[in-house]
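Structural overview for review
Now for the letters of each chain:
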Amino acid sequence: DTGVSQDPRHKITKRGQNVTFRCDPISEHNRLYWYRQTLGQGPEFLTYFQNEAQLEKSRLLSDRFSAERPKGSFSTLEIQRTEQGDSAMYLCASSLRHEGYTFGSGTRLTVV
Amino acid sequence: SQQGEEDPQALSIQEGENATMNCSYKTSINNLQWYRQNSGRGLVHLILIRSNEREKHSGRLRVTLDTSKKSSSLLITASRAADTASYFCATDAGIQETSGSRLTFGEGTQLTVNP
């Protein structure tokens, strides 16, 4: 297990389509996070799982966004009816309790 | 919204010089972390300093934390061209048993180290 894996690396979609991203965390990490980053900005928190429980959701996570982490392993982030404003880098990270995060390389979403 | 503010927004230095980046934040924290991000890539964790620590070292990195001023600094000594990246501070304000629930990132400092 060499790190956090995200798939796909890039996604181009038409406005109104649904997209789903996958994150595979480091296997022994019980915490998994999703962040969104736009150009020139720092990452913004979206949601957080501890094991399979989604413990916190940002107000940025509108009802078009849903995240799951079945069985406390990999996670998916789905965006329904995409809008141009959803274009961003979506970053997944995992951690073990109080340690620093390990981030994946991100999924860059472009909505055209 | 971003809690942290980094200063400067951009820094350009020559190889071998030291680089200092500053971060200010607004609320009480459990710990503060620094991350590096190369263009278009994910973030790499550099160092974590807890609220009861004042200074921490890791290789060429030195981090200070002043909780009374709600500020931190990251010093990179003897910089190299490979240090060129964006550097972000991030604060963890979670209560102890839930620490790590979210990090709040600043907007970053873009460091360019010229060969």
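The next subject is the pattern of salt bridges. Applying the stated rule across the entire model yields seven salt bridges over all chains. Two residues, R64 of chain A and D86 of chain A, come together in a salt bridge whose shortest N-O distance is 2.8 Å. Of the two residues, R64 of chain A sits in the loop between β6 (53-57) and β7 (65-68) while D86 of chain A sits in the loop between β8 (75-79) and β9 (88-95), which places them 22 residues apart along the sequence. Judged by its relative accessible area of 3%, D86 of chain A is buried. As a salt-bridge pair, E55 of chain B and R62 of chain B come within 3.2 Å of each other at their nearest N and O atoms. Using a relative accessible area of 39% as the deciding quantity, one classes E55 of chain B as partly exposed.

All right, on to the packing of aromatic side chains then. Here the structure, examined in full by the defined rule, presents eleven aromatic pairs over all chains. Arranged with centres 5.2 Å apart and planes meeting at 10°, the rings of Y33 of chain A and Y48 of chain A form a pair that is stacked. With Y33 of chain A in strand β4 (residues 31-37) and Y48 of chain A in strand β5 (residues 44-50), this residue pair connects regions lying 15 residues apart in the sequence. By the burial criterion, Y33 of chain A is buried, and Y48 of chain A matches it. Taking the centre distance of 5.7 Å and the plane angle of 75° together, the rings of Y35 of chain A and F45 of chain A count as edge-to-face. With Y35 of chain A in strand β4 and F45 of chain A in strand β5, this residue pair connects regions lying ten residues apart in the sequence. When sorted by exposure, Y35 of chain A lands in the same class as F45 of chain A, which is buried. Clustering of aromatic rings is evident, with ring pairs tying together Y33, Y35, F45, Y48, Y101 and F103 of chain A together with Y35 and F105 of chain B. Geometry around F74 of chain A places R22 of chain A over its ring, the cationic atom sitting 3.9 Å from the centre.

Summed over all chains, the structure comprises two disulfides over all chains. The partner cysteine of C23 of chain A in its disulfide is C92 of chain A, sulfur to sulfur 1.9 Å. Residues C23 of chain A and C92 of chain A are joined by a disulfide whose S-S torsion is about -70°; by sign, that bridge is left-handed. With C23 of chain A in strand β3 (residues 19-24) and C92 of chain A in strand β9, the pair connects residues that are 69 residues apart, well separated along the chain. Note on accessibility: C23 of chain A and C92 of chain A belong to one class, buried. Linked covalently through their sulfurs, C23 of chain B and C89 of chain B form a disulfide whose S-S length is 2.0 Å. When the S-S torsion is 65°, as for the bridge of C23 of chain B with C89 of chain B, the disulfide is right-handed. Here C23 of chain B is found in strand β3 (residues 19-24), whereas its partner C89 of chain B is found in strand β9 (residues 85-92), with 66 residues between them in sequence. The buried category is assigned to C89 of chain B, whose relative accessible area is 1%.

Secondary-structure assignment places E28 of chain A in the loop between β3 and β4. Along the sequence, E28 of chain A and A93 of chain A sit 65 residues apart, while their C-alpha atoms lie 13 Å from each other.

All names here are of chain B. Here five strands make up an open sheet; going across it, the order is β1-β3-β8-β7-β6 and the pairing antiparallel. Edge positions in the sheet fall to β1 (5-7) and β6 (55-58), since each of these pairs with one other strand and no more. Averaged over neighbouring strand pairs, the angle between their axes works out to 15° when direction is ignored. When strand β7 (residues 61-66) meets strand β8 (residues 71-76), the two strands line up antiparallel, connected through six bridges. By the bridge assignment for β8, D66 is matched with S71.

All right, on to the pairing of β9 of chain B then. All names here are of chain B. Counting buried positions along β9 yields eight of eight residues, so the element is predominantly enclosed. Summarising the sheet, strand β4 (residues 31-37) and β9 pair through seven bridges and their orientation is antiparallel. In the sheet register, Q37 faces β9, and the bridge partner there is S86. Examined bridge by bridge, β9 and strand β11 (residues 109-114) share three bridges and lie antiparallel to one another. Bridged to Y87 within β11 is T109. Bridge count between β9 and strand β10 (residues 104-105): two bridges; the pairing is antiparallel. Bridging across to β10, T91 finds its partner in T104.

Thresholds applied
Residues numbered from 1 in each chain as written. Chains lettered and ligands numbered in written order. Predicted model: local features only at pLDDT ≥ 70, side-chain atom pairs only at ≥ 80, totals over all residues. Heavy atoms only, no water. Salt bridge = Lys/Arg side-chain N within 4 Å of Asp/Glu carboxyl O. Helix = DSSP H or I, 4+ residues; strand = E, 2+ residues; numbered from the N terminus. Buried < 20%, exposed > 50% of the residue type's maximum accessible area, 1.4 Å probe, protein only. Phe/Tyr/Trp six-rings, centres within 6.5 Å; stacked < 30°, edge-to-face > 60°. Lys NZ or Arg CZ within 6 Å of the ring centre and 35° of its normal. Disulfide = S-S within 2.5 Å. Pairing = 2+ DSSP bridges. Axes fitted to C-alpha atoms, helices over the stretch in contact; angles between N-to-C directions.

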